[in-house]
Amino acid sequence: MDINNVTKGKIVPLGIIIIIITYLISGSSSSITPYILFTGIIIGLVKNQSLSESAVAGGLASLIASFVVTILTLAFTYMIYGPLYVQYMLTSTLLYLVIYTLVGVIGGVLGYYISKELNI
C-alpha cells in the first residue's frame, strides 16, 4: 500500500467536506458518528482497489474531518456556554477523535466489501 495512491484523487477531501457539511446542516448538538460511517462507506465504494487503501482513506478522511468538527464544536460551545464547559469537553475530545477514526476505518472496510459484492 502506497500512501500517495491513497491520497490520489479527490475522494479524501470530498469525504472531509461531506462530513463537515452534514455536521453543520444537522446542527452542532447531534452526533457525527452516522455521518462518518456513511462517508466511510462512500469512500470504500470509490477506493476499491484494495482493502487497506479503503480502510486508510476512510480513516484519514474521518480523522481530519472529526478534528475540524471538534474544533467547531468547541468554538460553538465557548460562544454559548463559556470557558468552563469547554474545559469539561476537552477531557473527552481525544476519545471522540479515536472513536470517529475507527468508525471511518470500519466504514471504509464496509464500503470495500460492498463494492466487491456489487462487482463495481
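Described in the following lines is the structure provided in the data block. (Residues numbered from 1 in each chain as written. Predicted model: local features only at pLDDT ≥ 70, side-chain atom pairs only at ≥ 80, totals over all residues. Heavy atoms only, no water.)

## Some points on the overall build of the protein chain
Stage number 1. Looking only at helices and strands, the protein chain has five helices and zero strands in total.
Stage number 2. Secondary structure elements in the protein chain, listed N-terminal to C-terminal, are α-α-α-α-α.
Stage number 3. Here the protein chain has a C-alpha radius of gyration of 15 Å; the compact-globule value for 120 residues is 14 Å, and the two agree.
Stage number 4. C-alpha atoms of the protein chain, sized along the principal axes, occupy 50 × 25 × 20 Å.
Stage number 5. When each of the 120 residues of the protein chain is scored for burial, the buried share is 38%.
Stage number 6. Counted over contacts in the protein chain with a minimum sequence separation of 6, partners at least 24 positions apart contribute 79%. (Helix = DSSP H or I, 4+ residues; strand = E, 2+ residues; numbered from the N terminus. Rg over C-alpha atoms; globule rule 2.2 N^0.38 Å. Buried < 20%, exposed > 50% of the residue type's maximum accessible area, 1.4 Å probe, protein only. Contact = heavy atoms within 4.5 Å.)

## What to know about a nonpolar patch on the surface
Stage number 1. A contiguous nonpolar patch, built from Y78, M79, I80, Y81, Y85 and Y88 and spanning about 800 Å² of accessible area, is present on the exposed surface.
Stage number 2. Where the nonpolar patch is concerned, the elements lending two or more residues are helix 4 (51–81) and helix 5 (83–118).
Stage number 3. Tracing the backbone through its elements, the reader meets Y88 in helix 5.
Stage number 4. For Y88, a relative accessible area of 55% gives the class exposed. (Patch = residues over 30% accessible without salt bridge, like charges linked within 9 Å, V, L, I, M, F, W, Y side chains within 5 Å. Areas by Shrake-Rupley, 256 points an atom, 1.4 Å probe, with all protein chains shown as cover. Salt bridge = Lys/Arg side-chain N within 4 Å of Asp/Glu carboxyl O.)

## Structural notes on the packing of aromatic side chains
Stage number 1. Tallied over the entire structure, the rule returns three aromatic pairs.
Stage number 2. Measuring from ring centre to ring centre gives 5.3 Å for Y81 and Y85, while their planes differ by 55 degrees; the resulting arrangement is tilted.
Stage number 3. With relative accessibility at 60%, the residue Y81 sits in the exposed group.
Stage number 4. Taken together, a centroid distance of 5.4 Å and an interplanar angle of 65 degrees make the contact between Y112 and Y113 edge-to-face.
Stage number 5. Overall, Y112 belongs to the buried group, its relative accessible area being 14%. (Phe/Tyr/Trp six-rings, centres within 6.5 Å; stacked < 30°, edge-to-face > 60°.)

## Thoughts on the nonpolar core
Stage number 1. Residues V12, I16, I32, I36 and V69 are the most contacted members of the largest nonpolar core, which totals 16 residues.
Stage number 2. Of all the secondary structure elements, the ones that give two or more residues to this core are helix 2 (11–26), helix 3 (33–46), helix 4 and helix 5.
Stage number 3. The element best represented in this core is helix 2, accounting for six residues.
Stage number 4. If we ignore the near neighbours within four places in the chain, the residues touching I32 are Y23, S66, V69 and Y100. (Core = buried A, V, L, I, M, F, W, Y, C linked by side-chain atoms within 4.5 Å.)

## Quick notes on helix 2
Stage number 1. Given a rise of 1.5 Å per residue, 16 residues ought to cover 22 Å, and the 22 Å separating the end C-alpha atoms of helix 2 matches this to within 8%.
Stage number 2. Three or more residues of helix 2 are buried, namely I11, V12, G15, I16, I19, I20 and Y23.
Stage number 3. Looking at the buried residues of helix 2, the elements they touch are helix 1 (3–7), helix 3 and helix 4.
Stage number 4. At the C-terminal side of helix 2, G27 shows a positive phi close to 105 degrees. (Expected span 1.5 Å × (residues − 1).)

## Some words on the packing of helix 2 against helix 3
Stage number 1. One can describe the packing of helix 2 onto helix 3 by two numbers: an axis separation of 10 Å at closest approach and a directional angle of 155 degrees. As the angle between them shows, helix 2 and helix 3 are arranged roughly antiparallel. Handedness of the helix 2/helix 3 crossing: right-handed. Along the contact surface, helix 2 presents I11, G15, I18, I19, T22 and S26, while helix 3 presents Y35, I36, T39, I43 and V46.
Stage number 2. Residue composition of the contact of helix 2 with helix 3, grouped by class: seven nonpolar, four polar and no charged. (Axes fitted to C-alpha atoms, helices over the stretch in contact; angles between N-to-C directions. Parallel < 35°, antiparallel > 145°, perpendicular 65-115°, else oblique. Left-handed = near helix turned anticlockwise from the far one by under 90°. Nonpolar A, V, L, I, M, F, W, Y, C, P; charged D, E, K, R; others polar.)

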